[in-house]
Structures are given as structure tokens and as C-alpha cells.
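What the coordinates show
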Amino acid sequence: MLFSDRADAGRRLGERLEPLRGGGVVVLGLPRGGVPVAFEVARALDAPLDVIVVRKLGVPYQPELALGAIGEGEVLVLDEEVMSHVHLAPEELDAVERAERAELLRRVGIFRAGWRRIALTGRTALIVDDGVATGSTARAACQVARAQGADRVILAVPVGAADSIRSLRHEADDVVCLATPARFMAVGQWYGDFRQTSDAEVAELLDRAAQRDSGRAAVAADDPPHYDEEVEVLVDGVQLAGHLTIPENPAGVVVFAHGSGSSRHSPRNRYVAAELNQAGLGTLLFDLLTRAEELDRARVFDIELLAHRLVEVTRWLGARADAAALAVGYFGASTGAGAALWAAADPTVDVRAVVSRGGRPDLAARRLAVVGAPTLLIVGGHDEVVLELNRRAQAAMRGVCELAVVAGATHLFEEPGTLGQVAGLAREWFVRHLTPTTSQGAGGR
């Protein structure tokens, strides 16, 4: 026996995690047994407490084989290797997801009892469980937290199987485990009292934590947005899913076009979007392709199709009463940047500014010369091939175009501090060009 009960384990784990105090941490307990441990950790760190509810998606004919996981906020994480072998039809995947999402929502309603989920965008997600055996649930939780926008993901447990802990270091930015006993058979063997935690206990602990931190609601958003909801846009008979955020008194709105292999849940784009929201800008993150279409590589690189849909979404946005008067900007990443530049050249939409992150402007080479919107190309200093493509694109553009090189960054801006630089550059560019007093005053290169 290592711990008398889960509370004892949580107190000891909290002591080990003391260096994280004050670092923008959100403690996330894995229901149900992880929540009593997480409660003590949150109290030790004086940090907000929430649950991270995940559901693993099993292959229909082999449920124990996980093909991915889902989380709140319509987050879906798929294992591309498993997906490539099971050859699941889109409707089969949708059926599995619908069933698991119904159960996820049921559990959320019980656990959180009306409290809002704490936003993870740009913050450190500290995922806590009472122990790790196989690690499958912890792995799914790490993936979901990252997809929900967490800037950093840390997994912390009192005890775990050594092999599982080692494998989880590939999923989390850091793993903290107090003990990895040699003869590990089950988590419960290391506790004196390992009685099952009930749903009611989870809800009670969350409520106590919320009352202890009366400012919990403010943690989710210092200035609650005027509109912050999932939306659907119908384009040529195809339903495209998105997330629209419009703050109070917005200065403009930025439409995001993500790259291949990504989605509106991209942690990097969500991080940048949160920074823009803080600056008083609305954001619309949406999927250029449906899930079925994403499996077709030809469509992924069909820049004209992607740009057409981006134009149609921009028109849809302009027809909304709460966005019609707002200046529009585009933020494109990777192939999405090519689509954003192509769409910005369309005379039927009025795009006031474009920002490209690690983009492929060469994919819009035929339209670059007629892009009138002031454009900022952001590239990592170590992303040499893409950097050269962006230099050529800058030379081909006749309008305002600046190239910003983030020193030490690679293509995905995964290095510490580099994504923050991207967000800062984008924020300054959009504020400068979308605000009413400056959006009309573009100068030369």
C-alpha cells in the first residue's frame, strides 16, 4: 500500500506539482476516480478544477480496438494508422460517434451540473487520474485536451505501470508519476481504501471547488463573448461545420482556413483565435471539407474548391446581422493559406487583411498579383523550403505584403514561445487593418 485513499494520493501529488502554481494551470480530473485526486491537487496549486470527459471510439466489429476518441466541444481525434487499416465507411464512423457522444453528454450533465467547461485555449492542462494501468484513457484525454486548445498538456498520477507511463510520454508534454512499482497488477492494489467514486461525489467535489473559487466563471473568459457557438454553413448542398465567436463591440472578424490534415479544432489555430478574441476581434473557424471529403487527397489540395467555399462562407457571414458591418480578414495555415489568398482575390468579397502561418502561397500563384488585401506571411526560420516559397510569393504580389520570419521555428511552430509570436504578429496585423480608422489606409510595400 502506497496511499491510504485518493485524497491522500492527491495531497502528495499536489506537493510534487507545487512548481506549477500560478502558471495558468487548469486541473482536469478524469471521472470518476481521478476527481478526488484532482480536487486535492487543485487545492494545493490554488488552481481551477474541472473534469475532462472523453469517450473512446471502438471499431464496430472489434470494440476493444480504439480508432479514436471524442471530447466536449465537438472534438474528434482519430488514429490515422488504425483508420487506414479498418476501412470504415463515413456513415459507420458517424454512427459510432453519435452513440458515444450521447453518452458523453449524459455524463457531462451529471458531473458538471450546469457549470460551464473551463476554456483550455492557451493554457496548461494538468490531467489527473488515480493511476495508470494500460494508459488508454489517459492517452485519449491528452489528445482531447490538446485538440481543445491547451498550449501544454501534463499528465499527473500517483502510481502507474512503468511501461504505460513510458508510452504516455509521447502523448503529453510532461508526465509526473510518484511511483512505478515493479509488480504492478492493478491501480487499486496500491490504495488502502479504493472504493468506487460515485457520480454524485464527482458533482459534489466540482461544486465545492467552484464555490472555493468564486471567480471560476471569469476564468473561462474575462469578457464573455456576445456570441460563441457552433455553426453550420450550407455551401453547394454541403454542410460545413464551424465555430463562431463574436465579442462585445468587435473591431472586425477573422475567418480561419486550416491546412491539410487539420480541422476547426486545430490547437494552434484555436490559440491564435483566442488571442484575436482578447483583442476585440471576432473569429470563425470552420472546416473547408467534410470528414468524408478529407479522405480524398485530390480534394485536400483542390485550392479552387477550398477558395470557393471560403468565399461562400464569407458571404454567409456578411448576411448575419451581428457581422454584416464588420471588416473581414483571413487567417490561413499551410494549404489553407493558399485558399485564403485565392479567395481574397475574388472581387465578390471585401477582404481587408490576410495572414498566412507557415503557408503555401505558391498554391495560389495565378492569383497573387491581384490580391489587394494587405498580407502578412509568417514563416519559421528553420522551415527553409516554405520560407523560399513565401519569398517568391512576396515578390509576385503587387499589393502590401510583408514577410515575418520567426527565428528558431519549424513548420508547425512547436518550439516554446514561437506560436505566441505568431499570435502577436497576427493580432497586430488584423487590428491595424481591420479597425475602421485604419482599414482603408493601406500603403505600398
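Residues numbered from 1 in each chain as written. Predicted model: local features only at pLDDT ≥ 70, side-chain atom pairs only at ≥ 80, totals over all residues. Heavy atoms only, no water.

1. A few points about the overall build of the protein chain
In plain terms, the rule: Only DSSP runs of H or I with at least four residues qualify as helices, and only runs of E with at least two residues qualify as strands; both kinds are numbered from the N terminus onward. As defined in this context, the radius of gyration uses C-alpha atoms, and a globule is described by 2.2 Å times the residue total to the power 0.38. Relative accessibility decides the category of a residue: with a 1.4 Å probe and only protein chains considered, values under 20% of the type maximum give buried, values over 50% give exposed, and everything between is partly exposed. When checking whether two residues touch, look at their non-hydrogen atoms; a contact exists if any pair is within 4.5 Å. Using the Shrake-Rupley algorithm and a 1.4 Å probe, accessible areas are obtained, with residue cover drawn only from the displayed protein chains.
Helix and strand counts for the protein chain come out as 15 helices and 16 strands. For 445 residues, the compact-globule formula gives about 22 Å, and the C-alpha radius of gyration of the protein chain, at 23 Å, lands near that figure. Taken along its principal axes, the extent of the C-alpha atoms in the protein chain is 70 × 45 × 40 Å. Here the protein chain holds 445 residues, and the buried ones make up 53% of them. In the protein chain, the share of contacts with a sequence separation of at least 24, taken over all contacts with a separation of at least 6, comes to 69%. Surface summary for the protein chain: the accessible area is close to 19300 Å², and the carbon and sulfur share equals 49%.

2. Re helix α14 (residues 384-396)
This is how the line gets drawn: An expected span of 1.5 Å times one less than the residue number is assigned to each helix. It is the directions from the helix axis to the C-beta atoms whose arc is reported.
For α14, which comprises 13 residues, the first-to-last C-alpha distance of 19 Å matches the rise-based estimate of 18 Å (1.5 Å per residue) to within 8%. Residues of α14 that are buried: Val386, Leu387, Leu389, Asn390, Ala393 and Gln394. Each buried residue of α14 sits inside an arc of 160° when the element is viewed along its axis, so together they form one side. Of the exposed residues in α14, the ones pointing more than 90 degrees away from its buried face are Glu384, Val385, Arg392 and Ala395. In this structure, the buried side of α14 is in contact with β14 (351-357), β15 (375-380) and β16 (401-406).

3. Quick look at the pattern of salt bridges
Just so we agree on the cut-off: A side-chain nitrogen of Lys or Arg and a carboxyl oxygen of Asp or Glu constitute a salt bridge if their distance falls within 4 Å.
This model, assessed by the stated rule, comprises 20 salt bridges. In this structure, Asp130 engages Arg6 in a salt bridge whose closest nitrogen and oxygen atoms are separated by 3.1 Å. Taken together, the residues span a long stretch of sequence, with Asp130 in the loop between β6 (124-128) and α5 (136-147) and Arg6 in helix α1 (residues 6-16) at a distance of 124 residues. We note that Asp130, like Arg6, is buried. The salt bridge involving Arg43 is made with Glu40; its shortest N-O contact spans 2.9 Å. Of this pair, Arg43 and Glu40 both sit in helix α2 (residues 34-45), separated by 3 residues, roughly a single helical turn. On the basis of relative accessibility, which here comes to 41%, the residue Arg43 falls in the partly exposed class. Relative accessible area serves as the criterion here: at 9%, Glu40 is assigned to the buried category.

4. Some points on the packing of helix α9 (residues 267-278) against helix α15 (residues 418-434)
Note the cut-off: Here an axis means a line fitted to C-alpha atoms, over the contact stretch when the element is a helix, while the angle between two N-to-C directions is reported on a 0 to 180 degree scale. Between 65 and 115 degrees an angle is taken as roughly perpendicular, under 35 as roughly parallel, over 145 as roughly antiparallel, and anywhere else as oblique. Helix crossings fall into two classes, left-handed where the near helix is turned counterclockwise from the far one by less than a right angle and right-handed where it is turned clockwise. Under the convention adopted here, Pro, Cys and the residues Ala, Val, Leu, Ile, Met, Phe, Trp and Tyr are nonpolar, Asp, Glu, Lys and Arg are charged, and Gly plus all remaining residues are polar.
α15 packs onto α9 with a crossing angle of 45° between their chain directions and a minimal axis gap of 9 Å. Taken together, the axes of α9 and α15 are oblique relative to one another. Crossing geometry of α9 relative to α15 is assigned as right-handed. Two secondary-structure elements touch here, α9 through Arg268, Tyr271, Val272, Glu275 and Leu276 and α15 through Leu419, Gly420, Val422, Ala423, Ala426, Arg427 and Phe430. The class makeup of the residues in the contact of α9 with α15 is 8 nonpolar, 1 polar and 3 charged.

5. A closer look at the confidence of the model for the protein chain
In regions of low pLDDT, the predicted coordinates are not meant to be interpreted in detail. Heads up, the condition is: The pLDDT value tells you how sure the predictor is about a given residue, anywhere from 0 up to 100.
This prediction gives the protein chain a mean pLDDT of 86; 93% of its residues lie at or above 70. A low-confidence stretch, residues 438-445 (pLDDT under 50), is modelled with 17 contacts involving residues beyond four sequence positions or located in other chains.

6. A few points about the sheet that holds strand β1 (residues 25-29)
Going by this rule: For two strands to pair, DSSP has to find at least two bridges joining them.
Overall, parallel pairing links the 5 strands, which are arranged β2-β1-β6-β7-β8 in an open sheet. At either end of the open sheet lies a strand with only one pairing partner, and these are β2 (49-51) and β8 (174-179). Neighbour-to-neighbour, the strand axes of the sheet open up by a mean angle of 25°, direction not taken into account. Pairing of strand β7 (residues 152-159) with β8, which is carried by 5 bridges, proceeds in the parallel orientation. Bridge pairing in β8 places Ile154 opposite Asp174. With respect to the sheet, α1 is in contact with β6, β7 and β8, its orientation differing from that of β8 by roughly 130°. Strands in contact with α2 are β1, β2, β6 and β7; relative to β1, the strand with the most contacts, it is inclined by about 160°.

7. Some remarks on the environment of Arg398
Here Arg398 lies in the loop between α14 and β16. Between the alpha carbons of Arg398 and Val370 there is a distance of 7.2 Å; along the sequence they are 28 residues apart.

8. A short note on the environment of Gly192
Tracing the chain through its elements places Gly192 in the loop between β8 and α7 (199-212). In this structure the C-alpha to C-alpha distance between Gly192 and Met1, which are 191 residues apart in sequence, comes to 6.1 Å.

9. Observations concerning the packing of aromatic side chains
Applicable threshold: Only Phe, Tyr and Trp rings are paired, with Trp represented by its six-membered ring, and only when their centres lie within 6.5 Å; those with planes under 30 degrees apart are stacked, over 60 edge-to-face, the remainder tilted. Here, over-ring charges are defined by two tests on the NZ atom of lysine or the CZ atom of arginine: distance to the ring centre within 6 Å, and angle to the ring normal within 35 degrees.
Evaluated as defined, the whole model comprises 3 aromatic pairs. Consider the rings of Phe3 and Tyr191, whose centres lie 5.5 Å apart with planes at 40°: the pair is tilted. Remark: Tyr191 occurs in the loop between β8 and α7 and Phe3 occurs in the segment before α1; sequence separation between them is 188 residues. Owing to a relative accessible area of 3%, Phe3 belongs among the buried residues under this scheme. Ring centres of Tyr191 and Phe194 lie 5.1 Å apart, and the angle between their planes is 35°; this geometry places the pair in the tilted category. The class of Phe194 is partly exposed, set by a relative accessible area of 32%. Three or more aromatic residues link up through ring pairs in this structure, and these residues are Phe3, Tyr191 and Phe194. For the cation-ring pair, Arg6 lies above Phe194, with the distance from its terminal atom to the ring centre recorded as 4.2 Å.

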